[in-house]
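A closer look at the structure
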Amino acid sequence: MSITAIIFVLLLLAAYSYFIKRQKVYALYRTQSIKKSKIKQTLPKYFGYVAALWSLVPALLVLIVIQIIDEPLVKSSLADYIQSEKIVIGDAADDFDLYMNEIKNMSIDELESADPEKIKVFNQYQKFQSISNYAMTIIVLAMAILMTAFGMKKVKINTPARVIFEKFIEIILLLAASIAVLTTVGIVLSVLFESIRFFGEIPFTDFMFGLEWSPQTAIRSDQVGSSSAFGAVPLFVGTMLISLVALFIAVPLGLMSAIFLSEYASSRFRSIAKPVLEILAGIPTVVYGFFAALTVAPFIRDLGESLGMSVASESALAAGLVMGIMIIPFVSSLSDDVLSAVPTAMREGSLGLGATQSETIVKVLIPAALPGIVGGVLLAASRAIGETMIVVMAAGLAANLTVNPLQAVTTVTVQIVTLLTGDQEFDSAKTLAAFALGLMLFVTTLILNVIALHVVRKYREEYE
Amino acid sequence: MNKVTQKVEKGLKKRYMKEKIFKACGLVSIGFAFMFLLLLLTDITIKAWPAFVQTQIELKLDLSEENLGLNAKSAQEEIKQADFRAVIRSALKKQFPDVKKRKDRKELYSLVSFGAEYQLRDLVMDNPNLIGTRSSIKLIADDDVDAVVKGTINRNDDESNRRVKNLKLSLIEGLEENNQISKQFNWTFFSSGDSREPELAGIKGAIMGSLYTILVTLLLSFPVAVAAAIYLEEFAPKNRFIDLIEININNLAAVPSIVFGLLGLAVFINFFSMPRSAPLVGGIVLSLMTLPTIIIASRSAIKAVPPSLREAALGLGASKMQTVFHHVFPAALPGILTGTIIGMAQALGETAPLLMIGMVAFIVDIPQSIGDPSTVLPIQVFLWADSPERGFLEKTSAAILVLIGFLIIMNAVAIYLRKKFEKKW
Amino acid sequence: MNTQTMKENINLTNMKEKSIAEIHAEHKQTIGEPFCDNVKFSTRNVDVFYADNQAIYDVSLDIGKNEVIALIGPSGCGKSTFLRCLNRMNDTIDICKVTGDLELDGTNIYSKNQDPVLLRARVGMVFQKPNPFPKSIYDNVAYGPRIHGLTKNKAELDELVEDSLRKAGLFEEVKDRLNSPGTGLSGGQQQRLCIARTIAVQPEVILMDEPASALDPIATAKIEELISDLSKNYTIVIVTHSMQQAARVSQRTAYFHLGKLIEVGETNQIFTHPRHELTERYITGRFG
């Protein structure tokens, strides 16, 4: 039976349990005439729910467990079979996964052309498949029927049905909340696992401190592991350069916008300006990338040329400039929050001494809000470092080690994208390098975020 | 006035100057952001405009029975096999008998689009009574012709700098004199999938792909996010695990989106062997990415529900769960929906993580389900922006306009919801 | 709404007497001597509006040179609002509108030519809650002189800071830690720091908005002592909700009620022989 069919049967069983139990409790209530004593009763439907949970949940859990162990089980039985039949599959044991994939993806048409040994394995595979499917169907359905019967007996009129049901819902809610943790664990595991494989081939120090990055040449088998090819320093420097240009634009402009909006602008101006900034924040990054690559970069190049400077057409300046503008609303809204958290008493204290508004802002508000602003800047830096589309479209591919913003540099995110798009073998050092870069990116932004969030929270608590 | 006052007064002019400069700096900052937005939107709109118009060439086609090898009773299958290319070419040859050289002929044939024969085939399949007639039919023009007609390629440029050479230009002008060239609204752009030919490329495939992806994202992230938000606001005890969850949510909101793409690639595609390039995986990845956004918005919406409402329900003997689901959740729903729509808008514009899971492939077919390989609007923009053909520039801009249009609609709905259901507690 | 509940409360407790609201409604003319000789500040027919709500009704009051005048009254009576008019702190509230004549040394402080910054340098203010800047003690006091450019060099500034701290009676307590943050002081010390900060600008008038309301009795006593000292050199307008405080520190007292100035007079006279019924009821603690 297919999994969908099994789940459907389970749902039918659950519905059956629900209605039967509810009816029973209804009937009991009526005959026992508890009503007269005016004792508040648990509604019959809760008994139905609990009964339905009994028939559904254990069977579903069993189904999931079987699904997880099914594949390795089939694989190991097949491996045993291959060994016992002495079929030669390849030169090494690590090709077994590949071989399994081939077997799995064989279709009926291919069978005619495939070699007889493969066909033998394929048939055996199908046999195992169907056995495991039978086993699964029987176990799950048996479990479901058993538990339905058990639930019918177990749920009695004095069972605290509502409490049990609500506890169950609470657990479901908790599981939903835990997904955030699971996601983080998933991210860490997926980048860490592949990175460890990568560092098995390329030494960690070569990656961290190497000055040359040319993964393309390393595809050739004679060059795999050549230590000079995976030095990530040019990428780190390039990322930093573009992020710095972006922050150089975004922080002053964002901060000044926030100050103007919260301290000077009339409420009418504010009511127009804030949504406009929100639009700026809502424009997809791919649009910024397009604009940077096709409009801003040529403009900057031409401008540079007219001033007698040589500017690369994929200059770090163009990408950084557009990225900076993208981050303005982000910085502005963070600073706005932070500035408005400074107590009015502080403002009045300064104004009451005869300070002008700008003196109050520069000498009192900003120093008071500094931790919050720093936190905001760190978050903005984290965004700039992790920003992908603008740099993929407007920054270069070649890894130049330079701090001149007029030249083309490449970034960590650009390299991740170029290494992973297109059809490469998943196991090559080249694709694994992308995960190592991903790990660096994740760790860097994680540190920035944690510090920033901590600083901002501390700051808020101070004024609350 | 005393001495101090005089001293203060002396410095005042300078201080007010500074004040003015400071204020002007603020205004300039905002003005800069506005200018940029205006520039960006006008630039893209101007570039996009021609994409909504399609150039067509009207040709007198000889659809006689012997020419096509068909008759009025031919089955659809037979019509599909017929050689419509020859029909179009002979019509062109007939109109320009002077073009003799093989190379020149090639130029002549490339006046109409590569897809014109399929356009003609579909037309005949829909109207079999065309067979045996001679009819004037409008065919899609090649992108070069399109560019010349729209003026994107300047006819007065020197031939060496011009993509369309003199011969072809004279052919186009010949057609123009005969009033055979017409322009109409570009339905192709909205009704077909991607193509290597700019004049045949459309965004329907990308729109459908985006739709499926967003649907998966919504179905996954909304219930999970709401459940998580309710748990954290209403039920969570104060302990380390809950702290861990909170830190994780806040941090995930700031993790670069491309990292989620790596997660999708490593976990869903390599480990769980889910289909590459499919909206299903894209939706899962995007839902993980938007979860924190929706959770944070939902939490603040739940927080805004006044305690008095909870107390009222609890005071009547409702259980905590009943209080939450009967009273708090409905009251917080508008805020939650607003947050969800904003999260969906964010997901709709997201590109990087989808690149990682292979939604960047060239896909002509329009996806029919969440398991079909497909691409999404932002990635279509990315793909076209990378194309060397000039004709794709306007398509890219037009696709951006469509994308921004969708985003504006979603945000407008969110604002409407917020305004309509805004309650003053 | 406030008026409503207040009216009801009063009606319930004082059925036989005239209700407070009635008396308030009947009141037209300030009783006592709102005007004096040797005027520093003169206000005539002041009305204050918050958007459409009137907060001050037709208040006329003179404030003499080097006198301490206390503004008292039940909460929400407009005394703080009136105080904030005197150095145009109300400018910071967008919806607030002030009409009438307010003159400092004969010049209208609300005229177009009057600069609020200069005005606030001349009319300093101490707020209800101590609000030191998150800077060092020294920088807190030096803030005003620095922005106004009152001193020529570091030595002069040091001297001014020390002098101000001394006048505020704080110097001995903090002289060893001038560079530690002002927010680390106790509440009473913070408030004296704020006073030191204000006198460092050497204003002519000091406005105090319930300066001791957030402090414990010992700190309050120190502040009151300080006010008495300061009154030799400064004109002080103090808003207070404590009648004892008003009696202790001020020479004249003005009683406000729901935005109207009910009665003004010598402090002694106000507290021993109030002339207006509302004043009497307030003094005797029948509402507040």
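Please read all numbers here as calculations on a predicted model, not as lab measurements. (Residues numbered from 1 in each chain as written. Chains lettered and ligands numbered in written order. Predicted model: local features only at pLDDT ≥ 70, side-chain atom pairs only at ≥ 80, totals over all residues. Heavy atoms only, no water.)

**Some details on the interface of chain B and chain A**
Listed per partner, the contact involves 73 residues of chain B and 77 residues of chain A. Counting every contact that joins chain B to chain A gives one salt bridge. Between Arg15(B) and Glu359(A) there is a salt bridge; the shortest N-O distance is 2.7 Å. On the surface where chain B and chain A come into contact, there are 13 residue pairs in polar contact (both at pLDDT 80 or more). When the residues that make up the side of chain B that touches chain A are grouped by side-chain class, the tally is 54 nonpolar, 12 polar and seven charged. (Contact = heavy atoms within 4.5 Å. Salt bridge = Lys/Arg side-chain N within 4 Å of Asp/Glu carboxyl O. Polar contact = N/O pair within 3.5 Å; in protein donor to acceptor, adjacent residues only side chain to side chain. Nonpolar A, V, L, I, M, F, W, Y, C, P; charged D, E, K, R; others polar.)

**Let's talk about the interface of chain A and chain C**
The interface is formed by 18 residues belonging to chain A together with 22 residues belonging to chain C. When residues of chain A are sorted by the area they lose upon contact with chain C, Glu348(A), Gly352(A) and Leu353(A) head the list and together hold 38% of the total. At the junction of chain A and chain C, the tally comes to one salt bridge. Measuring nitrogen to oxygen at the nearest pair gives 2.6 Å for the salt bridge that ties Arg84(C) to Glu348(A). Where chain A touches chain C, the interface holds five residue pairs in polar contact (both at pLDDT 80 or more). Of all the elements in the fold, those that place two or more residues in the side of chain A that touches chain C are helix H12 (344-352) and helix H13 (357-386) of chain A. Among the elements that line the side of chain A that touches chain C, the one with the most residues is H12(A), at seven residues. Classifying every residue of the side of chain A that touches chain C by side-chain character gives nine nonpolar, six polar and three charged. (Buried area = accessible area lost by both parts, 1.4 Å probe. Helix = DSSP H or I, 4+ residues; strand = E, 2+ residues; numbered from the N terminus.)

**Focus on the domain arrangement of chain B**
Residue and element names in this part refer to chain B. Split by domain assignment, chain B resolves into domain 1 (50-186) and domain 2 (204-421). The C-alpha centroid of domain 2 is placed 45 Å from the C-alpha centroid of domain 1. With seven residues of domain 1 at the interface, the matching set in domain 2 holds five residues. Both sides together, the interface formed by domain 1 and domain 2 hides about 560 Å², and carbon and sulfur atoms give 60% of it. When the buried area of domain 1 at its contact with domain 2 is split by residue, Ala51, Phe52 and Thr152 rank highest and sum to 59% of it. Between the two partners, domain 1 and domain 2, sit one salt bridge. Between Lys150 and Glu394 there is a salt bridge; the shortest N-O distance is 3.1 Å. Here domain 1 and domain 2 share one residue pair in polar contact (both at pLDDT 80 or more) between them. In terms of residue class, the side of domain 1 that touches domain 2 is made up of three nonpolar, two polar and two charged. (Domains from an automatic or database assignment.)

**As for the environment of Lys430(A)**
Residue and element names in this part refer to chain A. Along the chain, Lys430 turns up in helix H16 (residues 429-462). Of the residues examined, Lys430 reaches a relative accessible area of 7% and is grouped as buried. Along the backbone, Lys430 and Ser214 are 216 residues apart, and their C-alpha atoms lie at a distance of 9.7 Å. (Buried < 20%, exposed > 50% of the residue type's maximum accessible area, 1.4 Å probe, protein only.)

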